[in-house]
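Analysis of the macromolecular model
In case you want the letters, here they are:
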Amino acid sequence: MKRVVSGIQPTGSLTLGNYLGAIRNWIAFLHTHECLFFMADLHSWTVLQDPAKLAEQCRLVAAAYIASGIDPTVSSIFMQSHVAGHSELAWLLNCITPLGWLNRMTQFKDKAGKDKEKANLGLYAYPVLMAADILLYKATHVPVGDDQKQHLELTRDIAGAFNQTFGETFILPEPMILGQATRVMSLRDGTAKMSKSDPSDLSRINLMDDADTIIKKIKKAKSDAFPLPGNSDDLADRPEAKNLLNIYSVFADKPLLQCCLEFEGANFSALKEALADVLVTALTPIRTEMVRLMNEPHYLDKILAQGKDKALSIAAETLKEVHQKMGMLKV
Ligand code: TYM
């Protein structure tokens, strides 16, 4: 059985990075794999959340999945917190994960900042919860953006350590880092990742941005002072040009080299105009459908309840096996 698992934190409006690095790539698996996609609300608490907004943010991510083409009739969409097995397995995996492995996680170092003493334990243990999310369902494939690569390597190491200690139990999942835009960069700084948490909204395209906002953000995107090159090798030290051409290449559905040739010698404004155009064409239907779905919370909640039931049944089997292997008392 080939099974795909992936998730996104409901910590704000989803970005073009989440769409290109994750959701868009999930669609290809819908008819060939059993697919489970969740909202990682437990992970979101590594940063303080507003409880009054969290439920709505979770529905918004579910709406984004469905509006982007994740068909809930052939996949399961659910909340991480609705399946307690995520937390339970995370605890058990914590107990076999050496601190040294977690100390190597670059995302913790970036997010904790200078004063690590003040970082919360959840942020530190975050990659183990992510491993539990994946191993609980014995996922064979995990489609994610480039920034999650190290967490996937850790997941494989933890699965291997468990199997070695307690006998063959977990599948070592394959990271699937797919497409031309595995790392979409900030519109304000081509060397930083586009992120929901960047204080500047101009740094990102949100899936809920309307056409005027998209056009404005692309117009204001950082550029450099040189004409665009006709060769993708010449993009190496031009991060802003590279990022915009990469995004254009995905939405125009043309190889990067062809896009370079299209804009060879032109200035950024020509590329920006064409980019805004393809972005508005691709994202407007998604936004419209998200708005429609957000007006149908009962429908969304029904999908999440169905997803929860399916996830619970798979999780129960894995937990039963883990309990047996770890010698938990059965009564
Ligand atoms: P999160 O919520 O930060 O991001 C969700 C997904 O979007 C991808 N992504 C990007 N891809 C390309 N360019 C970008 N600028 C960009 N920004 C984000 C991420 O790589 C990710 O695939 N820990 C995860 C959520 C998670 C998870 C899991 C994922 C929890 N458990 C189990 C897979 C499997 C996270 O914080 O992603």
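None of these values were measured; they are calculated from a predicted model.

Procedures and definitions
- Residues numbered from 1 in each chain as written.
- Predicted model: local features only at pLDDT ≥ 70, side-chain atom pairs only at ≥ 80, totals over all residues.
- Heavy atoms only, no water.
- Helix = DSSP H or I, 4+ residues; strand = E, 2+ residues; numbered from the N terminus.
- Rg over C-alpha atoms; globule rule 2.2 N^0.38 Å.
- Buried < 20%, exposed > 50% of the residue type's maximum accessible area, 1.4 Å probe, protein only.
- Contact = heavy atoms within 4.5 Å.
- Areas by Shrake-Rupley, 256 points an atom, 1.4 Å probe, with all protein chains shown as cover.
- Lys, Arg positive; Asp, Glu negative; His and termini not counted.
- Charge placed at Lys NZ, Arg CZ, Asp CG, Glu CD.
- 1 Å grid on protein atoms, 1.4 Å probe; cavity = no way out; pocket = protein on both sides within 12 Å on 5 of 7 lines; lining within 4 Å.
- Points joined across faces, edges and corners; volume = space filled by probe spheres on them.
- Nonpolar A, V, L, I, M, F, W, Y, C, P; charged D, E, K, R; others polar.
- Near = heavy atom within 4 Å.
- Polar contact = N/O pair within 3.5 Å; in protein donor to acceptor, adjacent residues only side chain to side chain.
- Pairing = 2+ DSSP bridges.
- Right-handed = clockwise from strand over helix to strand, strands pointing away.
- Phe/Tyr/Trp six-rings, centres within 6.5 Å; stacked < 30°, edge-to-face > 60°.
- Lys NZ or Arg CZ within 6 Å of the ring centre and 35° of its normal.

1. Remarks on the overall build of the protein
Regarding its fold elements, the protein presents 13 helices and five strands. Expected size for 331 residues packed as a compact globule is a radius of gyration near 20 Å; at 21 Å, the protein falls within 12% of this value. Taking the principal axes of the C-alpha coordinates as reference, the protein spans close to 75 × 45 × 40 Å. Relative to its full complement of 331 residues, the protein shows a buried share of 50%. Partitioning the contacts of the protein with sequence separation of at least 6, the portion at a separation of at least 24 is 75%. Carbon and sulfur atoms make up 54% of the accessible area of the protein, which amounts to about 15,500 Å² in all. Charged side chains in the protein number 36 positive and 38 negative. The centres of these two groups are separated by 3 Å.

2. Notes on empty space enclosed by the protein
Empty pockets left among the atoms are what a rolling probe the size of a water molecule brings to light. In total, this model carries two cavities of 30 Å³ or more according to the counting rule given. The space that makes up the largest cavity amounts to roughly 60 Å³. Residue lining of the largest cavity: Gln 107, Phe 108, Lys 111, Leu 123, Tyr 126, Pro 127 and His 151, and that is the complete set. Elements with a minimum of two residues in the lining of the largest cavity: α6 (106–112) and α7 (121–135). Residues belonging to the lining of the largest cavity are distributed by class as follows: four nonpolar, two polar and one charged. Looking at the second largest cavity, its volume works out to about 30 Å³. Together, Ser 186, Leu 187, Gly 190, Ala 221, Lys 222, Glu 240, Asn 243 and Leu 244 line the second largest cavity.

3. A look at the site of the ligand
What surrounds the ligand is a group of 26 residues, the closest being Gln 9, Tyr 126, Asp 133, Asp 147 and Val 184. At 3.4 Å from a nitrogen atom of the ligand is found a side-chain nitrogen or oxygen belonging to Gln 148. Of all the secondary-structure elements, those providing two or more residues to the shell around the ligand are β1 (3–8), α1 (16–26) and α7. Across the shell around the ligand, the residue classes tally to eleven nonpolar, ten polar and five charged.

4. Some remarks on the pairing of strand β2 (residues 34–39)
Within β2, six of the six residues are buried, leaving the element largely enclosed by the surrounding structure. Side chains Glu 34, Leu 36 and Phe 38 project from β2 onto one buried face, and the interleaved Cys 35, Phe 37 and Met 39 project onto a second face that is buried too. For β1 and β2, the ladder comprises six bridges, and the chain directions are parallel. Looking at the pairing, Gly 7 lines up with Phe 38 of β2. For the crossover that starts at β1, traverses α1 and ends in the parallel β2, the hand is right-handed. Note that β2 and strand β3 (residues 76–79) share four bridges and pair parallel. By the bridge assignment, Phe 38 is partnered in β3 with Phe 78.

5. A few points about the environment of Lys 138
By the secondary structure assignment, Lys 138 is in the loop between α7 and β4 (141–143). Separated by 177 residues in sequence, Lys 138 and Ala 315 have C-alpha atoms that sit 9.1 Å apart. Look past the residues within four positions of Lys 138 in its chain and what remains in contact with it is Arg 3, Thr 169, Ile 171, Thr 318 and Glu 321. Within the structure, the side chain of Lys 138 is placed 2.5 Å from the side chain of Glu 321, a separation counted as a polar contact.

6. Re the packing of aromatic side chains
What characterises a pair of aromatic rings is the spacing of the ring centres plus the angle enclosed by the ring planes. Summed over all chains, the structure comprises nine aromatic pairs. Between Phe 162 and Phe 166, the aromatic rings sit 4.7 Å apart at their centres with planes inclined by 45 degrees, giving tilted as the arrangement. Separated by four residues within a single helix, Phe 162 and Phe 166 lie in helix α8 (residues 149–166), roughly one turn from each other. In textbook terms, an aromatic cluster arises when at least three aromatic residues are bridged by ring pairs, as seen for Trp 26, Phe 37 and Tyr 65. In this structure, Arg 24 packs its charged tip against the face of Phe 251, placed 5.8 Å from the ring centre.

Purely spatial values, then, with no claim about function.
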